[in-house]
Amino acid sequence: MEIDLGRLAANFRLIREDSPAGLEIGSVVKDNGYGFGAVAVANVALGRGAGRLLVSNLDEAAELRDAGVSAPILLMGERMEAELPACLELNLTLAVGELAVAEAANRLAESLGLALAVHVKIDTGMGRYGVRWSEALGLLESVNSMPGLRLEGLFSHFPMSDESDKSFAFEQIGRFQALNGELEQAGIIVPCRHLCNSGGFLDLPDAHLDMVRIGLLPLGVYPSKVCRRIPGVEPVGTVKTRLAVVKKIHKGDNVGYGLRYQAPGERRIGVLPVGYGDGYPRVRNQGHVLVHGKRAPVIGANAMDSTMVDLTAIPEADAWDEVVLMGRQGESEITPHDLAAWKGTVSYEVLTGWRSRLPRVYLDSASAQEDSIQAKPEPAGSIGV
Ligand SMILES: *Cc1c(COP(=O)(O)O)cnc(C)c1O
């Protein structure tokens, strides 16, 4: 898996330029930065103006701190009481949606003479973390009065921000803004209010508020087909392998487990040394890879460590030639959305599904790339170095 850090930096710059002045960019680097490397993505994000990082669990936050990241880190989700000392030690910002957690955090921080920054999570319709919008004022007033806590943020999340029908998102924005009005009336000032993920950032400018939380978009992947595009934002990750074997098979020969493919005539096939053990979808006679810039269809059922493709229409293909599983080769491209369709899932799971077995190779075309972001990145000639 090649990760182009120059392209990532360019994407963050284009996103910054697309944003209204004063909007804080929060870079979501949970699940190892969607598989791209949390520390690598975080460092590029912070270098390109992101003000904050967001992760989902304590280990993810600790990894960033261990790597020397000193920027604010918002820990999303909810915490067990036993995790609170580490949150203080790592100087994390806590998401809170439950009074009991707020009380425990307050007691601990107060006993240490500290004030822990807190973002109160509001459930405006996602139906998972957070206090229900209609019942949130009490929790907010309590948190605001606790000496060990500093009420810094107020946030919520959209279950449907990237589809054409935005009616539920507008409903949620209304609920959030009503609560915000109640807070103002109560004289409670919350400096960092945030609602938007990538879909909301692109399509719901009224919901930008003080900060957006974006994970997918900086990687050059759009959350859906219908959301707005930012010209120049391009995919950062490419997954490559090579043809381990190229051989001829005869009419009636079978390929792969379950005998799912039988050659209708003489065929030239290739064997790729990757499979679902690397995060490639488990497919049967479905999908394709790119060889010499052309589509080679997958034949038969692939396995943990191998995937077979039909090369009959690509006579120039030879053993150890480069094969692209995700990304561009020549004029052709396989997107995470293509892979998601073959895998029966969404692009998010395709990205996070590439296993650690695939080495991550960082291409740092940084400054050159940044000076001419219009230029397409050169297809790199080597893998696994
Ligand atoms: C993952 C996540 C995000 C980021 O979503 P993207 O669509 O990847 O930008 C934002 N907010 C919350 C609460 C999340 O869990």
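Residues numbered from 1 in each chain as written. Predicted model: local features only at pLDDT ≥ 70, side-chain atom pairs only at ≥ 80, totals over all residues. Heavy atoms only, no water.

Enquirer: Can you walk me through the overall build of the protein chain in this structure?
Expert: For the protein chain, the count of helices and strands is 12 helices and 21 strands. Along the first, second and third principal axes, the C-alpha set of the protein chain runs to 80 × 45 × 40 Å. Looking at the protein chain as a whole, 54% of its 385 residues are labelled buried. For the protein chain, the proportion of contacts with a sequence separation of at least 24, taken over those separated by at least 6, is 65%. Side-chain charges in the protein chain split into 38 positive and 48 negative, and the spacing between the mean points of these groups amounts to 7 Å. (Helix = DSSP H or I, 4+ residues; strand = E, 2+ residues; numbered from the N terminus. Buried < 20%, exposed > 50% of the residue type's maximum accessible area, 1.4 Å probe, protein only. Contact = heavy atoms within 4.5 Å. Lys, Arg positive; Asp, Glu negative; His and termini not counted. Charge placed at Lys NZ, Arg CZ, Asp CG, Glu CD.)

Enquirer: Can you walk me through empty space enclosed by the protein in this structure?
Expert: Summary: where empty space remains is shown by rolling a probe the size of a single water molecule over the atoms. Overall, the coordinates contain 1 cavity of 30 Å³ or more when judged by the stated rule. In terms of lining, the largest cavity is formed by Phe 36, Leu 219, Val 221, Pro 235, Val 236, Gly 237, Met 326, Gly 327, Glu 333, Ile 334, Thr 335 and Pro 336. Counted by class, the lining of the largest cavity contains 8 nonpolar, 3 polar and 1 charged residues. (1 Å grid on protein atoms, 1.4 Å probe; cavity = no way out; pocket = protein on both sides within 12 Å on 5 of 7 lines; lining within 4 Å. Points joined across faces, edges and corners; volume = space filled by probe spheres on them. Nonpolar A, V, L, I, M, F, W, Y, C, P; charged D, E, K, R; others polar.)

Enquirer: Sorry if this is basic, but what is going on with the pairing of strand β2 (residues 24-28) here?
Expert: Each regular strand shows side chains that alternate between the opposite faces of the sheet. With 4 of its 5 residues buried, β2 lies for the most part within the structure. With 4 bridges joining them, β2 and strand β10 (residues 211-214) adopt parallel strand pairing. Among the inter-strand pairings, Ser 27 is bridged to a residue of β10, identified as Ile 214. Bridge analysis of β2 against strand β3 (residues 52-55) gives 3 bridges, and the strand direction is parallel. What sits directly across from Ser 27, in β3, is Leu 53. (Pairing = 2+ DSSP bridges.)

Enquirer: Help me understand the packing of helix α1 (residues 5-18) against helix α3 (residues 38-47), please; the structure alone is not making it clear to me.
Expert: Between two packed helices, what matters for the description is the angle formed by their axes and the separation of those axes. For the pair α1 and α3, the least separation of the axes is 9 Å and the interaxial angle reads 45 degrees. On the basis of their axis angle, the class for α1 and α3 is oblique. Seen along the crossing, α1 lies across α3 with a hand that is right-handed. Here α1 contributes Leu 5, Leu 8, Ala 9 and Phe 12 to the contact with α3, which in turn contributes Ala 40, Val 41, Val 44 and Ala 45. Looking at side-chain class alone, the contact of α1 with α3 contains 8 nonpolar, no polar and no charged residues. (Axes fitted to C-alpha atoms, helices over the stretch in contact; angles between N-to-C directions. Parallel < 35°, antiparallel > 145°, perpendicular 65-115°, else oblique. Left-handed = near helix turned anticlockwise from the far one by under 90°.)

Enquirer: Please clarify how the site of the ligand should be interpreted in this entry.
Expert: Lining the immediate environment of the ligand, one finds 13 residues, of which Lys 30, Tyr 34, Ser 198, Arg 213 and Tyr 348 sit closest. Put simply, the parts of the chain that give the shell around the ligand at least two residues each are α2 (30-34) and β10. In the shell around the ligand, the residues fall into 6 nonpolar, 4 polar and 3 charged. (Near = heavy atom within 4 Å.)

Enquirer: Help me understand the domain arrangement of the protein chain, please; the structure alone is not making it clear to me.
Expert: One frequent convention defines the size of an interface as the accessible area lost when the parts assemble. Segmenting the protein chain into domains produces domain 1 (2-219) and domain 2 (237-354). Each of domain 1 and domain 2 has a C-alpha centre, and these two points are 39 Å apart. With 7 residues of domain 1 at the interface, the matching set in domain 2 holds 7 residues. Roughly 780 Å² is buried in total at the junction of domain 1 and domain 2, and carbon and sulfur atoms are behind 58% of that figure. Considering only the side of domain 1, the residues that lose the most area to domain 2 are Glu 2, Tyr 34 and Leu 216, jointly responsible for 62% of the buried surface there. (Domains from an automatic or database assignment. Buried area = accessible area lost by both parts, 1.4 Å probe.)

Enquirer: Just to check I follow, could you spell out the pairing of strand β6 (residues 116-123) for this structure?
Expert: Burial of β6 is extensive: 8 of the 8 residues sit out of reach of the surface. Sheet topology note: the strand β5 (residues 93-96)/β6 ladder contains 3 bridges and is parallel. Bridge pairing links Ala 95 to His 119 in β6. Assessed by its sense of winding, the connection that carries the chain from β5 through helix α6 (residues 99-111) to β6 is right-handed. (Right-handed = clockwise from strand over helix to strand, strands pointing away.)

Enquirer: Would you mind going over the pattern of salt bridges with me for this structure?
Expert: Two side chains that carry opposite charge are able to pair once their charged atoms sit near each other. Here the structure, examined in full by the defined rule, presents 18 salt bridges. Among the ionic pairs, Glu 152 bridges to Arg 150, the shortest N-O distance being 3.6 Å. Its relative accessible area of 14% is what places Glu 152 among the buried residues. Residues Arg 193 and Asp 210 are paired through a salt bridge, measuring 2.7 Å at the closest nitrogen-oxygen approach. Of this pair, Arg 193 sits in strand β9 (residues 192-196) while Asp 210 is found in the loop between α9 (198-203) and β10, placing the two residues 17 residues apart along the sequence. You'll find Arg 193 and Asp 210 in the same group, each marked buried. The structure contains a network of salt bridges with shared partners spanning Glu 24, Arg 52, Arg 150 and Glu 152. (Salt bridge = Lys/Arg side-chain N within 4 Å of Asp/Glu carboxyl O.)

Enquirer: Explanation requested: the packing of aromatic side chains in the structure shown.
Expert: The description of two aromatic rings rests on the distance between their centres and on the angle between their planes. Enumeration over the complete set of coordinates arrives at 1 aromatic pair. The lysine or arginine in question, Arg 175, covers the ring of Trp 133, its NZ or CZ lying 3.9 Å from the ring centre. Note that Arg 229 overlies the ring of Tyr 222, its terminal NZ or CZ placed 4.1 Å from the centroid. (Phe/Tyr/Trp six-rings, centres within 6.5 Å; stacked < 30°, edge-to-face > 60°. Lys NZ or Arg CZ within 6 Å of the ring centre and 35° of its normal.)

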